[in-house]
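Read off the chains here:
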2 protein chains.
Amino acid sequence: MKVLSKSSEYGLRALLYLVGNSSGQEYVSIRELSEQLDISFHFLTKILQSLTHAEILISYRGPNGGIAFKIPPEKIMLSDVVRVLEGDDFFNTCLLGLPGCGAQAPCPMHQFWKEIRGALKQEFENTSLASMGHTALLSSLRLGP
Amino acid sequence: MKVLSKSSEYGLRALLYLVGNSSGQEYVSIRELSEQLDISFHFLTKILQSLTHAEILISYRGPNGGIAFKIPPEKIMLSDVVRVLEGDDFFNTCLLGLPGCGAQAPCPMHQFWKEIRGALKQEFENTSLASMGHTALLSSLRLGP
DNA sequence: CGGTTTTAGGAGTATTTTGTCTTAAATTAA
DNA sequence: TTAATTTAAGACAAAATACTCCTAAAACCG
Ligand code: SF4
Ligand code: SF4
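Here is what the cut-offs are and how they apply
- Per chain, the residues get numbers from 1 upward, laid out in the order the sequence is written.
- Naming scheme: in the order in which they are written, chains are lettered from A and ligands are numbered from 1.
- Local features in a predicted model are, by the rule used here, given only for residues with pLDDT of at least 70; side-chain atom pairs are given and counted only at 80 or more, and totals for whole chains, interfaces and linings are based on all residues.
- Excluded from the side-chain calculations are hydrogens and water; all other atoms, namely the structure's heavy atoms, are used.
- Only DSSP runs of H or I covering at least 4 residues are called helices, and only runs of E covering at least 2 are called strands; the numbering of each starts at the N terminus.
- It only takes one pair of heavy atoms within 4.5 Å for two residues to be counted as in contact.
- Note that accessible areas follow from Shrake-Rupley with a 1.4 Å probe, and for residues the cover is restricted to the protein chains shown.
- The score called pLDDT rates the predictor's confidence residue by residue, from a low of 0 to a high of 100.
- Residues adjacent in sequence count toward polar contacts only when both atoms are side-chain atoms; beyond that, a polar contact is any pair of N or O atoms within 3.5 Å, and within protein one must be able to donate a hydrogen and the other to accept it.
- The criterion for a residue being near a molecule or strand is simple. One of its heavy atoms has to lie within 4 Å of it.
- Strands were regarded as paired on the criterion that DSSP finds at least two bridges between them.
- Under the scheme applied here, ten amino acids are nonpolar (Ala, Val, Leu, Ile, Met, Phe, Trp, Tyr, Cys and Pro), four are charged (Asp, Glu, Lys and Arg), and all others, including Gly, are polar.
- Salt-bridge detection follows one rule: a side-chain nitrogen of Lys or Arg within 4 Å of a carboxyl oxygen of Asp or Glu.
- Each residue is assigned to one of three classes by its accessible area relative to the maximum for its type, calculated with a 1.4 Å probe on protein chains only: buried under 20%, partly exposed between the two thresholds, exposed over 50%.
- Put simply, a nonpolar core is a bunch of buried Ala, Val, Leu, Ile, Met, Phe, Trp, Tyr and Cys residues held in one set by side-chain atoms that sit within 4.5 Å of each other.
- What a helix is expected to span follows from its residue count: subtract one and scale by 1.5 Å.
- The reported arc concerns the directions from the helix axis to the C-beta atoms and nothing else.

Let's talk about the overall build of chain A
Inference 1: Of regular secondary structure, chain A possesses seven helices and two strands.
Inference 2: When the helices and strands of chain A are listed from N to C terminus, the series reads α-α-α-β-β-α-α-α-α.
Inference 3: Across chain A, contacts joining residues at least 24 apart in sequence account for 66% of those joining residues at least 6 apart.
Inference 4: Within the structure as shown, chain A displays about 7,300 Å² of accessible surface, and the carbon and sulfur contribution to it stands at 49%.

Structural notes on the confidence of the model for chain A
Inference 1: Across chain A, the average pLDDT comes to 88, with 88% of residues at 70 or higher.
Inference 2: Mean pLDDT per element in chain A: helix H7 (residues 138-142) of chain A is the minimum at 69, and helix H3 (residues 41-53) of chain A is the maximum at 98.

What to know about the side chain of A:Thr127
Residues and elements named next belong to chain A.
Inference 1: Topologically, Thr127 is positioned in the loop between helix H5 (110-125) and helix H6 (129-133).
Inference 2: Only 2.6 Å separates the side chain of Thr127 from the backbone oxygen of Glu123, close enough to count as a polar contact.
Inference 3: Not counting residues up to four positions away in its chain, the partners in contact with Thr127 are Ile76, Met77, Leu78 and Met132.

Let's talk about the protein's contact with DNA strand D
Inference 1: In the vicinity of DNA strand D lie 25 residues, with A:Ile30, A:Lys46, A:Ser59, B:Ser40 and B:Lys46 positioned nearest.
Inference 2: Interatomic distance of 3.4 Å between a side-chain N/O atom of A:His53 and a phosphate oxygen of DNA strand D.
Inference 3: Within the side chain of B:Lys2, one N or O atom sits 3.2 Å away from a phosphate oxygen of DNA strand D.
Inference 4: Of all the elements in the fold, those that place two or more residues in the surface near DNA strand D are H3 and strand E1 (57-60) of chain A together with helix H1 (6-21) and helix H3 (41-53) of chain B.
Inference 5: Examining the composition of the surface near DNA strand D, we find that four residues originate from one element, H3(A), more than from any other.

With respect to the pairing of E1(A)
Residue and element names in this part refer to chain A.
Inference 1: Direction of pairing for E1 relative to strand E2 (residues 66-69): antiparallel, over a ladder of four bridges. Within the sheet, the bridge partner assigned to Ile58 lies in E2 and is Ala68.
Inference 2: As consecutive antiparallel partners, E1 and E2 are separated by five residues, and within that stretch Gly62 has a phi angle of approximately 85°, a positive value.

Some remarks on the protein's contact with DNA strand C
Inference 1: Around DNA strand C there are 24 residues in total, and A:Ser40, A:Phe43, B:Ile30, B:Lys46 and B:Ser59 lie nearest to it.
Inference 2: Sugar plus phosphate, as a fraction of atoms of DNA strand C within 4 Å of the protein: 65%.
Inference 3: In the environment of DNA strand C, a base nitrogen lies 3.0 Å from a nitrogen or oxygen atom belonging to the side chain of A:Arg61.
Inference 4: Sorting the residues of the surface near DNA strand C by element identifies helix H1 (6-21) and H3 of chain A together with H3 and strand E1 (57-60) of chain B as the ones contributing at least two each.
Inference 5: Element by element, the count of residues in the surface near DNA strand C is highest for H3(B), at four residues.
Inference 6: Classifying every residue of the surface near DNA strand C by side-chain character gives eight nonpolar, 10 polar and six charged.

Some details on the pattern of salt bridges
Residue and element names in this part refer to chain B.
Inference 1: Within this structure, the stated rule accounts for six salt bridges over all chains.
Inference 2: We note a salt bridge from Glu9 to Lys6, for which the minimum N-O separation is 3.5 Å. Of this pair, Glu9 and Lys6 both sit in helix H1, three residues apart, roughly one helical turn.
Inference 3: Since its relative accessible area comes to 41%, Lys6 is described here as partly exposed.
Inference 4: The partner of Arg83 in a salt bridge is Glu125, and the shortest N-O contact between them spans 2.8 Å.

So, the nonpolar core
Inference 1: In this structure, A:Leu129 and B:Leu129 are the most contacted members of the largest nonpolar core, which totals 88 residues.
Inference 2: Contacts of B:Leu129, omitting those with residues within four sequence positions, involve B:Leu12, B:Leu15, B:Leu16, B:Val19, B:Phe69, B:Pro73, B:Ile76, B:Leu78 and B:Val81.

Points about H5(A)
Inference 1: Taking 1.5 Å per residue as the helical rise, H5(A) with its 16 residues ought to reach 22 Å, and the 22 Å between its terminal C-alpha atoms agrees with that figure.
Inference 2: A:His110, A:Phe112, A:Trp113, A:Ile116, A:Arg117, A:Leu120 and A:Phe124 are the residues of H5(A) that are buried. One side of H5(A) holds all its buried residues, which, seen down the axis, span an arc of 165°.
Inference 3: On its buried face, H5(A) sits against helix H4 (78-86) of chain A together with helix H4 (78-86), helix H5 (110-125) and helix H6 (129-133) of chain B.

Describing H4(B)
Inference 1: Turning to H4(B), its buried residues number three or more, namely B:Leu78, B:Ser79, B:Val81, B:Val82 and B:Leu85. End-on, the buried residues of H4(B) take up no more than an arc of 160°, which puts them together on one face.
Inference 2: Buried residues belonging to H4(B) abut H5 of chain A together with H1, H3, H5 and H6 of chain B.
Inference 3: After H4(B) finishes, the residue B:Gly87 shows a positive phi value of roughly 110°.

In structure tokens form, the structure reads like this:
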């Protein structure tokens, strides 16, 4: 079951690392992130660029540059992140991949899927990066327990 | 959010069609399925082959041949189907894509993800093809409401 | 038997996702 | 000012997924 793309996975891991390892307003370099989390530097750079464009992060070039949160991680919900990295209709997809779904004549899977999808959405919308990240040990973001 | 691969989507749609449109032990040809559901014939053939190998379907060649349920659709759970088409650890994946996860030192997403994943699994394991398919209008499997 | 219909199986192609590389621009510091 | 460091941006390559095509094998029908 692949809910998130690699981009989202990497993005989330980077953000959680940032929560746990940046004290205040310092910039953390993408190089450090990529090495500590074992993610391709260039690939991660692009992912974080998207988050910078989306005003979740700010970036700064040059020595001692890097990225930092633009808004406090207490106010960044998981749903904000995945909406940027997966697209706006992330929580609105059909289980069977059919286009143009409404409520007029739902297919037999609709009710079932709508509930699951809704629970996931709600959970993502109520969970902040800070609430996940304050316990984020580096090791747990590298290889899984 | 893409939970199922195309193979699973097509496989499920075909099975649901079968529930709604096969009276008893008749074979339904893959050609009919592919045309009615607008799925590539050759691609669908392979997907259904997997389900035949897994003993969910039986197939028969030659004129008036096709596929049919080997076990009654009341006893085929959604989880049985996706396990065949997505692999055995479909309900056991990590949200962050990290390998080798246990419970020793769960990462900050674990509890949250475990619950969502568990709900989905339970729902799939308790829902039979028959219970979804008996209301499956053809149109609802073609384009979505 | 020979021709037709149907699934089986495998090779090959196309598209999407993921990852790499190269160059440019901004910033710092010597 | 020059060199070093860092993000930005886009072209390119590799891998995974999705799809197509061709030939075989089984079953049927005349
Ligand atoms: S009604 Fe059916 S086709 Fe529409 S979103 Fe729900 S599952 Fe998908
Ligand atoms: S503990 Fe973390 S790494 Fe392990 S399965 Fe759960 S979310 Fe994934």
